[in-house]
Amino acid sequence: MSDDILISAAGLSVGYKIGKGIFQHSILKAVDNVSIHIKRGSFFGLVGESGSGKTTLGRALLNAVPITGGNATYDDGDVNYDLTALSKDELGDYRRRAQLIFQDPYAALSPRMTVRDIIAEPLEVMKITSSRQETDERVREIAARCRLNLEHLRRFPHAFSGGQRQRISIARALVSRPQFIVADEAVAALDVSIQADVLNLLKQLQGEMDLTFMFISHDLSVVAHTCDHVAVMYLGRLVETAPTRQLFAAPKHPYTKALFSAIPSLNPDDRGRAQRLEGEIPSPTNQPSGCKFHTRCPHVIDRCRSEEPQLETADGAHEVACHRWQELLKVG
Ligand code: ADP
Ligand code: MG
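All figures in this text were calculated on a predicted structure; none of them were measured in a lab.

### Digging into the packing of aromatic side chains
Piece 1. Under the criterion given, the structure shown has nine aromatic pairs.
Piece 2. Relative to Phe-215, the ring of Phe-43 lies with its centre 5.7 Å away and its plane at 50°, an arrangement referred to as tilted. With Phe-43 in strand β3 (residues 43-47) and Phe-215 in strand β8 (residues 212-217), the pair connects residues that are 172 residues apart, well separated along the chain. Just as Phe-43 is buried, Phe-215 falls in that class too.
Piece 3. Ring centres 4.8 Å apart and planes at 90° place the aromatic pair Phe-248 and Phe-260 in the edge-to-face group. Of the two residues, Phe-248 sits in helix α8 (residues 244-249) while Phe-260 sits in helix α9 (residues 254-261), which places them 12 residues apart along the sequence.

### Notes on the sheet that holds strand β4 (residues 69-75)
Piece 1. The strand order across the open sheet built from four strands is β2-β1-β4-β5, with neighbouring strands paired in antiparallel fashion. Where the open sheet ends on each side, the last strands, each with one partner, are β2 (26-39) and β5 (80-82). Neighbour to neighbour, the strand axes of the sheet diverge by 20° on average, direction disregarded.
Piece 2. As judged from the five bridges shared by strand β1 (residues 5-18) and β4, these two strands associate in the antiparallel manner. From the neighbouring strand, Ser-8 faces β4, where its bridge partner is Thr-73.
Piece 3. Of the strands in this sheet, β1, β4 and β5 touch helix α2 (residues 88-97), which is tilted by about 115° from β5.

### What about empty space enclosed by the protein?
Piece 1. Inspection of every chain in the model, using the stated rule, returns two cavities of 30 Å³ or more.
Piece 2. Around the largest cavity sit His-253, Pro-254, Cys-291, His-294, Cys-297, His-299, Val-300, Cys-304, Pro-309, Cys-322, His-323 and Arg-324, which together line it.
Piece 3. Grouping the constituent residues of the lining of the largest cavity by class yields seven nonpolar, four polar and one charged.
Piece 4. Empty space within the second largest cavity amounts to approximately 40 Å³.
Piece 5. Around the second largest cavity, the lining residues are Arg-138, Glu-141, Ile-142, Leu-174, Val-175, Arg-177 and Met-209.
Piece 6. Considering every element that reaches the lining of the second largest cavity, the biggest residue donor is helix α4 (residues 132-145), with three residues.
Piece 7. Each residue belonging to the lining of the second largest cavity can be placed in one class, and the counts come to four nonpolar, no polar and three charged.

Reading the values: the criteria
- Residues numbered from 1 in each chain as written.
- Chains lettered and ligands numbered in written order.
- Predicted model: local features only at pLDDT ≥ 70, side-chain atom pairs only at ≥ 80, totals over all residues.
- Heavy atoms only, no water.
- Phe/Tyr/Trp six-rings, centres within 6.5 Å; stacked < 30°, edge-to-face > 60°.
- Helix = DSSP H or I, 4+ residues; strand = E, 2+ residues; numbered from the N terminus.
- Buried < 20%, exposed > 50% of the residue type's maximum accessible area, 1.4 Å probe, protein only.
- Pairing = 2+ DSSP bridges.
- Axes fitted to C-alpha atoms, helices over the stretch in contact; angles between N-to-C directions.
- Contact = heavy atoms within 4.5 Å.
- 1 Å grid on protein atoms, 1.4 Å probe; cavity = no way out; pocket = protein on both sides within 12 Å on 5 of 7 lines; lining within 4 Å.
- Points joined across faces, edges and corners; volume = space filled by probe spheres on them.
- Nonpolar A, V, L, I, M, F, W, Y, C, P; charged D, E, K, R; others polar.

Structure, rendered in structure tokens:
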């Protein structure tokens, strides 16, 4: 594997056991046969509608839900882990190296703890620091980096705005000096004006602390200015993946195009013939045959109903899983 890849997944699947009684062994495939490579130091975007499996994929890469199929490895140049077979010690170490930033800054912070204690908790739980003084130094250092006023460390989270709370969550995620961050809808709960501040902060921290991000969002417009590379997910599958500029210049999968047309400002030359995304994402417990998107695709043909398209190279690092992507280049 090329030595600039931090996370590599091949055929990764995650199934949840669901159902009661005689159905209790049914499996809901939330992530199905996903292969991705996340470069060190990159901002990797994962987009798709709610229910497409983004959170599950992010959590699987953090080893927070069990991987039920395929392979995933982590290699930061210092350690190299098989994420499907971590020993207890490795898992403890990986918890420090790979962290999650939550979506909801209101729910994520314990109301009874001071900001200092909230940020310090991972250091204490993972026994990273050996004295209160060392912990305090680490907390102050990361709080300053996250543009939190040091005066605020003594206060409780209710005293803060949404943007400030998200900065507290970010400080808490970064205090263990991780390499890999999964930011799951990290700005979705914030006002648009605050979103840009938080995104800028994440980008700045990425550079300063040499971080690699998996940035999860249902909103393509957020991904546009933040991510180097974007993967589009639908019903547990990757349907398209490309460097951001390439994806935005020439989306190829009908699903990606539909996501774009939901945001006219991103796609000025397509305004007149926008394809609206009709209907809802099907339930993963009752998946369509063939191409998972065929039930909503305006370009569906018989082949799409029976044969599942695999990701294929369209142009350099641009990959798409659609039987008709080449034909559709002519139709627009
Ligand atoms: P997204 O983050 O894209 O909205 P999720 O990964 O949260 O998608 O969910 C993917 C699918 O897995 C959804 O159908 C969801 O209902 C299901 N799911 C998520 N978590 C669980 C769970 N713990 N048990 C059973 N099903 C789950
Ligand atoms: Mg989610």
